[in-house]
Amino acid sequence: MTATVLDPRTALVVVDLQKGIVALPTAHPAEDVVAHSVTLAEAFRAKDLPVFLVRVTGGAPGRNEGRAPAGEPAADWADILPELGPRDGDTVVTKQQWGAFHGTALDLELRRRGITQVVITGIATSIGVESTARAAHEHGYHVTVATDAVTDMDADAHRNSVEKIFPRLGETDTTAAIVKLLG
């Protein structure tokens, strides 16, 4: 669990820290995930590095065995938490899938800025965060996941992603260690 370096052109990608997702019951306190993500966003902004705030407003149309959401979501369900932003210079990405790359302009926006590495935070570890990390890896980006800035609705799924999946996709470390690497 050690991030070794951050590329000079690294971006922060914050996945689904929006009102409706943060309100769900999680394995670790969502408030801590939000606080660590805010710390990272402020550190990236201070270094003039890009911050991408991802939100989900829909889902893939295929059938699955999971529970369907009950009723209509609240009007502000997809609103990014105000403590995160967006701030001037941030990019908001709206997705309809688990991952932030599929069906969005995220890859194009990262490449336009010369980004070679992404630091990822958010909820849910095994769904949006893992899908985004997998796609980032497949697109050739260096990937770092801030392990104290992610959580899941399922503790076992979270643990599996952090311990088994993320180390195969890149590096992991704490918010404090990543901020230190930013210099």
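Residues numbered from 1 in each chain as written. Predicted model: local features only at pLDDT ≥ 70, side-chain atom pairs only at ≥ 80, totals over all residues. Heavy atoms only, no water.

Regarding the side chain of Glu109
Item 1. Tracing the backbone through its elements, the reader meets Glu109 in helix 3 (residues 106–112).
Item 2. Side chain to side chain, Glu109 and Arg112 meet in a polar contact 3.2 Å long. (Helix = DSSP H or I, 4+ residues; strand = E, 2+ residues; numbered from the N terminus. Polar contact = N/O pair within 3.5 Å; in protein donor to acceptor, adjacent residues only side chain to side chain.)

Details of the side chain of Thr132
Item 1. Mapped onto the fold, Thr132 is located in helix 4 (residues 125–138).
Item 2. There is a polar contact of 2.7 Å between the side chain of Thr132 and the backbone oxygen of Gly128.
Item 3. Beyond its immediate stretch of four places on either side in the chain, Thr132 contacts Val13, Val15, Trp98, Gly99, Ala100, Phe101 and Ile120. (Contact = heavy atoms within 4.5 Å.)

Focus: the packing of helix 4 against helix 5 (residues 155–169)
Item 1. Between helix 4 and helix 5, whose axes approach to 10 Å, the crossing angle comes to 5°. Taken as axis vectors, helix 4 and helix 5 run roughly parallel relative to one another. When helix 4 is examined against helix 5, the residues Thr125, Ser126, Val129, Glu130, Ala133, Arg134 and His137 are found in contact with a partner set consisting of Ala157, His158, Ser161, Val162, Ile165, Phe166, Arg168 and Leu169.
Item 2. Of the residues contributing to the contact of helix 4 with helix 5, the split by class is 7 nonpolar, 5 polar and 3 charged. (Axes fitted to C-alpha atoms, helices over the stretch in contact; angles between N-to-C directions. Parallel < 35°, antiparallel > 145°, perpendicular 65-115°, else oblique. Nonpolar A, V, L, I, M, F, W, Y, C, P; charged D, E, K, R; others polar.)

A look at the sheet that holds strand 1 (residues 10–15)
Item 1. A sheet is described by the order of its strands in space; here 6 strands give the open sequence 3-2-1-4-5-6, paired in parallel fashion. Each edge of the open sheet is held by one strand with a lone partner, namely strand 3 (91–95) and strand 6 (171–173). Going from strand to strand, the sheet's axes swing by 25° on average, the running direction of each strand aside.
Item 2. By the bridge criterion, 3 bridges tie strand 5 (residues 142–151) to strand 6 in an arrangement that is parallel. Bridge assignment links Val145 to a residue of strand 6, and that residue is Thr172.
Item 3. Relative to the sheet, helix 2 (residues 30–46) contacts strand 1, strand 2 (51–56), strand 4 (117–123) and strand 5, its axis offset from that of strand 5 by approximately 140°. (Pairing = 2+ DSSP bridges.)

Thoughts on the pattern of salt bridges
Item 1. Scanning the model with the defined rule gives 8 salt bridges in all.
Item 2. Here Asp156 and Arg159 are joined by a salt bridge, their closest N and O atoms 2.4 Å apart. A residue pair is termed a helical-turn pair when its members lie 3 or 4 positions apart in one helix, as Asp156 and Arg159 do in helix 5 at 3 residues.
Item 3. Of the residues examined, Asp156 reaches a relative accessible area of 53% and is grouped as exposed.
Item 4. Take Arg159: its relative accessible area is 39%, and that puts it in the partly exposed class.
Item 5. Members of the salt-bridge network, linked through shared partners, are Glu109, Arg112 and Arg113. (Salt bridge = Lys/Arg side-chain N within 4 Å of Asp/Glu carboxyl O. Buried < 20%, exposed > 50% of the residue type's maximum accessible area, 1.4 Å probe, protein only.)

With respect to the nonpolar core
Item 1. Judged by nonpolar contacts, the single largest core of 28 residues is most densely connected at Leu12, Leu17, Val22, Phe44, Leu84 and Ile123.
Item 2. For this core, the element with the most residues is helix 2, which contributes 8 residues.
Item 3. Contact partners of Leu84, with chain neighbours within four places excluded, come to Val14, Leu17, Ser37, Val38, Ala41, Arg45, Leu53 and Asp90.
Item 4. Core analysis: the second largest hydrophobic core is formed by 25 residues, Ala11, Val93, Ile120 and Ala136 among them. (Core = buried A, V, L, I, M, F, W, Y, C linked by side-chain atoms within 4.5 Å.)

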